Amino acid sequence: MRSSGILMHITSLPGPYGIGTMGREAYRFVDFLKAAGQSYWQILPLTPTGFGDSPYQSCSTFAGNPYLIDLDALAEEGLLKREALASHDWGAQPERVDFGRLYIHRWQVLREAYAAFPGSEEFDCFCRRASSWLPDFALFMALKKEYGGAWYTWPEALKRREPDAVWHARQSLRDEIRFQSFVQFAFFHQWEALRGYAHRSGVRIIGDVPIYVPYDSVEVWASPELFRLDAQLAPEAVAGCPPDAFTEDGQLWGNPLYRWDTLRKDGYGWWIRRLAAAGELYDVVRFDHFRGFESFWAVPYGDETARGGAWEPGPGLEFIRAVQRALPGLKLIAEDLGYLTPEVLRLRDESSLPGMKVLEFAFDSREPSDYLPHNYTRNSVCYTGTHDNMTMRQWFDTASPDAAAYAREYLALTEQEGLVWGCIRSAMASVSDLAVIQMQDYLDLGGEARMNFPGTTGSNWGWRAADGYLDASLARRIRSLTTLYGRLGDQAEKKEINTHE
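Residues numbered from 1 in each chain as written. Predicted model: local features only at pLDDT ≥ 70, side-chain atom pairs only at ≥ 80, totals over all residues. Heavy atoms only, no water.

A.B. asks: What exactly am I supposed to notice about the overall build of the chain here?
C.D. replies: Secondary structure assignment for the chain yields 19 helices and twelve strands. Compactness check: the chain gives a C-alpha radius of gyration of 23 Å against a globular reference of 23 Å for 501 residues, within 12% of the reference. In terms of overall dimensions, the chain has C-alpha extents of about 70 × 55 × 40 Å along its principal axes. The burial tally for the chain puts 58% of its 501 residues in the buried class. Relative to all contacts within the chain whose residues are 6 or more apart in sequence, the contacts with residues 24 or more apart total 74%. Accessible area for the chain stands at about 21,000 Å²; split by element, carbon and sulfur atoms hold 51% of it. (Helix = DSSP H or I, 4+ residues; strand = E, 2+ residues; numbered from the N terminus. Rg over C-alpha atoms; globule rule 2.2 N^0.38 Å. Buried < 20%, exposed > 50% of the residue type's maximum accessible area, 1.4 Å probe, protein only. Contact = heavy atoms within 4.5 Å. Areas by Shrake-Rupley, 256 points an atom, 1.4 Å probe, with all protein chains shown as cover.)

Below is the structure:
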């Protein structure tokens, strides 16, 4: 069935406490999606942010991001006082996330809520349900507070998880462990409510699963045998991307690589548990860096750039088939971007997974391009651009005259319709089963609204929409385009515009 959706991470929603949350604005956005005839809300990983404030560098693949917890909901439960919330400095730029300021104030507020939390059977039930990951995660976070720094700088006995040291840590840090468990309880309680509201509105969630985990993560600390570490628990090699036309030195991500031979021994059980958990969060999972399952770029640990890396074989179709057998109801999208070889394309096609078509990539030369819409196939997802790309307005502002002229000619763009809206129309008109448009493109925003510039740190992930960015006329315009190109899907009968209070 043809359908469409909007890409907008929760952190980018407006609101009073420095970052978008799972509060009122999230429910308003669901109402907007419903009114606009959209079937999907695509978001970025919901896990805690890590190095560079990136949701793709999380210390846990299972935990939720504490920054997304709605503080007003905690106040309504009697755990916080509104005047206390107002006393915190959440930043002077409401349209940017100040992650440094947020780190200080958000944790203070969550500790205040925990101090007022009496406990509940619902909390105890959550802890039991999450017993496969929560005890290790809560202990990991408690040890971070106790010792600071990354796990590989902790005392040797804790670094190596010697049983006596772990037992004593669980006893001495019992209250901090319970606090971290409370934070996760609050996150999942609110997420389940928001996702349920989305489902009742006919909106499903697309979420990301990053291919790698950071070195300083609970997964590497708790299961070092699954990663290519040496006897001192340092990485033997790390992940990255080779040099290309855009990055002379390649991209050095620094994540430890998997021991795929070890993972294979139990049928990829660790990955299957990870994806099963993702399936409980999202309705569709986007497989980040899909090409890494065919082959991956391995860089010797300690190299300052990715130039010295080499391609190594990934687990291939055997891995994908194992996932599909174990999780037959899990819907996946292959992020098949980057350096694609015939082998990568064959893996995608043999997996029967929809790939991604990014309209922004289509016009950089007159060479034949798989990203030109006449080359699309139905089993694909068309994007104007993703969170890693320029907004369409920025692309037109910076593209070469030849590329911009080619886009205007190919897409029959007119100034009357607007260049960006013409691109949106072309994405919606494509044969791809699903079309996903960045909210920034619907708002016709420029480079100031770009979410991420891969390979850089310091100013990414911070964009937030301005108050009042949603209105009924925009919803009607999107719905009209969605109807015109047969993408209403299950939203055909859901016409009303709600106002969530």
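A.B. asks: Help me understand unusual backbone geometry, please; the structure alone is not making it clear to me.
C.D. replies: If a residue is not glycine, its phi is most likely negative; likewise, a peptide bond is most likely trans. Of note in the backbone geometry, Leu-233 takes a positive phi value of approximately 65° without being a glycine. Relative to the elements of secondary structure, Leu-233 occurs in the loop between helix H10 (218-222) and strand S4 (237-241). A positive phi angle is found at Trp-461, which is not glycine, with a value near 70°. Note that Trp-461 resides in the loop between helix H18 (439-442) and helix H19 (472-484). Classification of Trp-461 by relative accessible area gives buried; the value is 6%.

A.B. asks: When you look at the pairing of S4 in this model, what are you seeing that I'm missing?
C.D. replies: In summary, the side chains of a regular strand alternate between the two faces of the sheet. The buried count for S4 comes to five of five residues, which makes it a mostly enclosed element. Strand direction decides the pairing type here: S4 and strand S7 (residues 295-300), joined by four bridges, are antiparallel. Its bridge partner lying in S7, Ala-237 is registered against Pro-300. (Pairing = 2+ DSSP bridges.)

A.B. asks: Please clarify how the nonpolar core should be interpreted in this entry.
C.D. replies: Generally speaking, nonpolar side chains in soluble globular proteins are found buried as a group. Of all hydrophobic cores here, the largest spans 167 residues; its most connected members are Phe-29, Trp-41 and Trp-271. If one sorts the elements of this core by residue count, helix H9 (residues 174-200) sits on top with twelve residues. (Core = buried A, V, L, I, M, F, W, Y, C linked by side-chain atoms within 4.5 Å.)

A.B. asks: I tried to follow the sheet that holds strand S12 (residues 434-438) on my own but got confused; where do I start?
C.D. replies: Either a parallel or an antiparallel arrangement is found when strands of a sheet pair, and the pairing is made through backbone hydrogen bonds. Taken in spatial order, the eight strands of this open sheet run S9-S6-S3-S2-S1-S12-S11-S10, and their pairing is parallel. Only two strands of the sheet have a single partner each, and these edge strands are strand S9 (331-334) and strand S10 (355-358). On average, each strand axis in the sheet is tilted by 25° relative to the strand beside it, whichever way the strands run. Pairing between strand S3 (residues 204-209) and strand S6 (residues 284-287): four bridges, direction parallel. When the bridges of S6 are listed, Ile-206 appears paired with Val-284. Sitting on the sheet, helix H1 (residues 24-35) touches strand S1 (3-7) and strand S2 (40-42), and the angle it makes with S2 is about 135°. (Axes fitted to C-alpha atoms, helices over the stretch in contact; angles between N-to-C directions.)

A.B. asks: Before we go on, may I ask you to explain the packing of helix H17 (residues 419-429) against H19 in this structure?
C.D. replies: How two helices pack is summed up by the angle between their axes together with the distance between the axes. For the pair H17 and H19, the least separation of the axes is 10 Å and the interaxial angle reads 40°. As far as their axial angle goes, H19 and H17 are oblique. Contacts between H17 and H19 involve Trp-421, Ile-424, Arg-425 and Met-428 on the former and, on the latter, Leu-474, Arg-477, Ile-478, Leu-481 and Thr-482. For the contact of H17 with H19, the residue count by class is six nonpolar, one polar and two charged. (Parallel < 35°, antiparallel > 145°, perpendicular 65-115°, else oblique. Nonpolar A, V, L, I, M, F, W, Y, C, P; charged D, E, K, R; others polar.)

A.B. asks: Help me understand the environment of Gly-486 in this model?
C.D. replies: Within the secondary structure, Gly-486 sits in the segment after H19. Once the C-alpha coordinates of Gly-486 and Ser-3 are considered, the two residues, 483 residues apart in sequence, prove to be 7.5 Å apart.

A.B. asks: I tried to follow the side chain of Arg-348 on my own but got confused; where do I start?
C.D. replies: Along the polypeptide, Arg-348 turns up in helix H14 (residues 342-351). Accessibility expressed as a relative area gives 14% for Arg-348, which makes it buried. Within the local environment of Arg-348, its side chain forms a polar contact with the side chain of Asp-349, the two groups lying 3.0 Å apart. The contacts of Arg-348, once residues within four sequence positions are left out, are Phe-290, Ala-334, Asp-336, Leu-353, Gly-355 and Lys-357. (Polar contact = N/O pair within 3.5 Å; in protein donor to acceptor, adjacent residues only side chain to side chain.)

A.B. asks: How should the sheet that holds strand S8 (residues 310-313) be read in this particular structure?
C.D. replies: Read from one edge of the open sheet, four strands run S5-S4-S7-S8, paired in antiparallel fashion. With one partner strand each, in any of the chains shown, strand S5 (251-256) and S8 form the two edges of the open sheet. Shown here is a sheet whose adjacent strand axes are inclined to one another by a mean of 50°, direction ignored. In the sheet, S4 pairs with S5 via three bridges, with the strands oriented antiparallel.

A.B. asks: Even after reading the chapter, I still don't get the packing of aromatic side chains, so can you show me in this structure?
C.D. replies: How two aromatic rings sit relative to each other is given by the distance of their centres and the angle of their planes. Taken as a whole and judged by the stated rule, the model has 54 aromatic pairs. Seen from their ring centres, Phe-140 and Trp-221 are 5.8 Å apart, and the 45° between their planes marks the pair as tilted. With Phe-140 in helix H6 (residues 134-147) and Trp-221 in helix H10, this pair connects stretches of sequence that are 81 residues apart. The exposure class of Phe-140 is buried, given its relative accessible area of 0%. Judged by centre distance (4.9 Å) and plane angle (55°), the rings of Phe-287 and Phe-293 are tilted. Phe-287 gets classed as buried once you look at its relative accessible area, which sits at 1%. Above the ring of Trp-271, the side-chain terminus of Arg-274 is found at 4.7 Å from the ring centroid. The ring of Trp-421 has Arg-477 lying over it, and the distance from NZ or CZ to the ring centre is 3.7 Å. (Phe/Tyr/Trp six-rings, centres within 6.5 Å; stacked < 30°, edge-to-face > 60°. Lys NZ or Arg CZ within 6 Å of the ring centre and 35° of its normal.)

A.B. asks: I keep staring at the packing of H1 against H9 and nothing clicks. Help me out?
C.D. replies: Look at H1 against H9: their axes get within 10 Å of each other, and the N-to-C directions meet at 15°. Taken as axis vectors, H1 and H9 run roughly parallel relative to one another. Crossing geometry of H1 relative to H9 is assigned as right-handed. On H9, the residues touching Ala-26, Tyr-27, Val-30 and Asp-31 of H1 are Ala-193, Leu-194, Tyr-197 and Ala-198. (Left-handed = near helix turned anticlockwise from the far one by under 90°.)

A.B. asks: Please clarify how helix H16 (residues 401-411) should be interpreted in this entry.
C.D. replies: An α-helical turn contains 3.6 residues, so any two residues separated by three or four positions project in the same direction. If you check which residues of H16 are buried, you get Ala-403, Ala-404, Tyr-406, Ala-407 and Leu-411. One side of H16 carries all its buried residues, which in axial view fall inside an arc of 160°. Exposed side chains of H16 directed beyond 90 degrees from the buried face belong to Pro-401, Asp-402 and Glu-409. (Arc of directions from axis to C-beta.)

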